[in-house]
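Listed here are the chains, written in short residue letters.
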Amino acid sequence: MIELIPAIDIIEGRCVRLTKGDYEQKTIYGEPLEMAREMERIGFKRLHVVDLDGAKSKHVVNSHVLKAITAETALTVDFGGGIKTDEDIQMAFDCGAAMVTIGSVAVTQPALFQRWLEQYGPERIILGADVRNGRISINGWKEDSGEALLPFLKRYVDMGVSNVLCTEISKDGTLAGPAIELYRQVMKAYPGLHLIASGGVGTMDDIQQLDEAGIPAVVFGKAIYEGKINLQELWDWQNA
């Protein structure tokens, strides 16, 4: 069964969602801690938290929100957005993150990423692979690199990475359905990878299709806040 990971994206301490990574197309939904508590009440164990201010600013900004969520819930939180230095990653772990998602550093400072992988272990480091037009995008999706997805993944799988969060940016926040074929290609190339699909999930059927395609995990957010997916129904489906 596919692992279900609801997501909370944060700007200025509030829960938001962007469309296709565009900071000008944001919708504010409420308080992150209250969202996290509701997810935990239903039964979810895992939460994906993204500091969008941090991703844009190139350093962690909303660590206080992470700390509040981990202090007030028992959720296993993976945290990303703006982790660029030793201080940033240590702050995330000190604020209660069980795992961190690292994207831009893997492109711009591969030696630093490798050191973190060795220091903290592959079970605590998630490689963020945000894709636009087949290329890896960095710094809050503001910059496109020349890195093609599969060769990029190969380098880090060979290094010991086992967890990858792959977001198809053109799908993110659109509710138009996930890039299932892209994820199939990744799983065909690296069948042992714990791949977390992200972007475009709009219905329970989308999640069921990812499950049928053999994708290990999925992150979803906007579909919850827009009422397209009922978390209780989704939890009941997974645990039927």
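Engineer: Before we move on, could you go through helix α9 (residues 204–212) and cite the residues and values that matter?
Structural biologist: Buried residues of α9: Met 204, Asp 206, Ile 207 and Leu 210, and no others. What you see down the axis of α9 is that its buried residues fit within an arc of 160°, all on one side. Looking at the buried positions of α9, the neighbouring elements they touch are β1 (3–11), α8 (180–189), β11 (194–198), β12 (217–220) and α11 (231–238). Trailing α9 by a residue or two, Gly 214 shows a phi angle of about 80°, which is positive.

Engineer: Describe the pattern of salt bridges, naming the residues involved and giving the relevant values.
Structural biologist: Within the structure shown, the criterion is met by ten salt bridges. Arg 46 is paired through a salt bridge with Glu 3; the nearest N and O atoms lie 3.0 Å apart. One end of the pair, Arg 46, is in strand β4 (residues 46–51); the other, Glu 3, is in strand β1, and 43 residues separate them in sequence. Looking at Arg 46, the relative accessible area reads 10%, which means it is buried. Here Glu 3 falls in the partly exposed class, since its relative accessible area comes to 25%. Arg 37 is the partner of Glu 34 in a salt bridge, and the nearest nitrogen-oxygen pair spans 2.8 Å.

Engineer: Describe the pairing of β11, with residues and values.
Structural biologist: Successive residues of a regular strand alternate their side chains across the two faces of the sheet. Where burial is concerned, most of β11 is hidden: four out of the five residues are buried. Inspection of the sheet shows strand β10 (residues 163–168) paired to β11 by five bridges, in the parallel sense. Within β11, the position partnered with Val 164 by the bridge is Leu 195. What joins β10 to β11 is α8, and the crossover it makes is right-handed. Sheet topology places β11 next to β12; three bridges connect them, and they run parallel. Residue Ser 198 lies in a different strand from β12, and its bridge partner there is Val 219. As a crossover connection, the stretch from β11 through α9 into β12 is right-handed.

Engineer: Got a sec to walk through the environment of Arg 115? Specific residues and values, please.
Structural biologist: Within the secondary structure, Arg 115 sits in helix α6 (residues 110–120). On a C-alpha basis, the gap between Arg 115 and Leu 150 in space is 22 Å, while along the polypeptide they are 35 residues apart.

Engineer: Outline the packing of aromatic side chains, listing residues and values.
Structural biologist: Applying the stated criterion to the full structure yields five aromatic pairs. Residues Phe 44 and Trp 235 carry aromatic rings whose centres are separated by 5.2 Å and whose planes lie at 55° to one another, so their mutual orientation is tilted. Placement of Phe 44 in the loop between α1 (32–42) and β4 and of Trp 235 in helix α11 is noted, with a sequence separation of 191 residues between them. For Trp 235, a relative accessible area of 19% translates into the label buried. For the pair Phe 113 and Tyr 156, a centre-to-centre distance of 4.8 Å together with 65° between the ring planes defines the contact as edge-to-face. One end of the pair, Phe 113, is in helix α6; the other, Tyr 156, is in helix α7 (residues 149–159), and 43 residues separate them in sequence. Residue Phe 113 is classed as buried on the basis of its relative accessible area, which comes to 0%. A relative accessible area of 0% means that Tyr 156 is categorised as buried. An aromatic cluster is present here, built from Phe 113, Phe 152 and Tyr 156 joined pairwise through their rings. A cation sits over an aromatic face here: Arg 124 above Phe 93, 3.9 Å from the ring centre.

Criteria and thresholds
Residues numbered from 1 in each chain as written. Predicted model: local features only at pLDDT ≥ 70, side-chain atom pairs only at ≥ 80, totals over all residues. Heavy atoms only, no water. Buried < 20%, exposed > 50% of the residue type's maximum accessible area, 1.4 Å probe, protein only. Helix = DSSP H or I, 4+ residues; strand = E, 2+ residues; numbered from the N terminus. Arc of directions from axis to C-beta. Contact = heavy atoms within 4.5 Å. Salt bridge = Lys/Arg side-chain N within 4 Å of Asp/Glu carboxyl O. Pairing = 2+ DSSP bridges. Right-handed = clockwise from strand over helix to strand, strands pointing away. Phe/Tyr/Trp six-rings, centres within 6.5 Å; stacked < 30°, edge-to-face > 60°. Lys NZ or Arg CZ within 6 Å of the ring centre and 35° of its normal.

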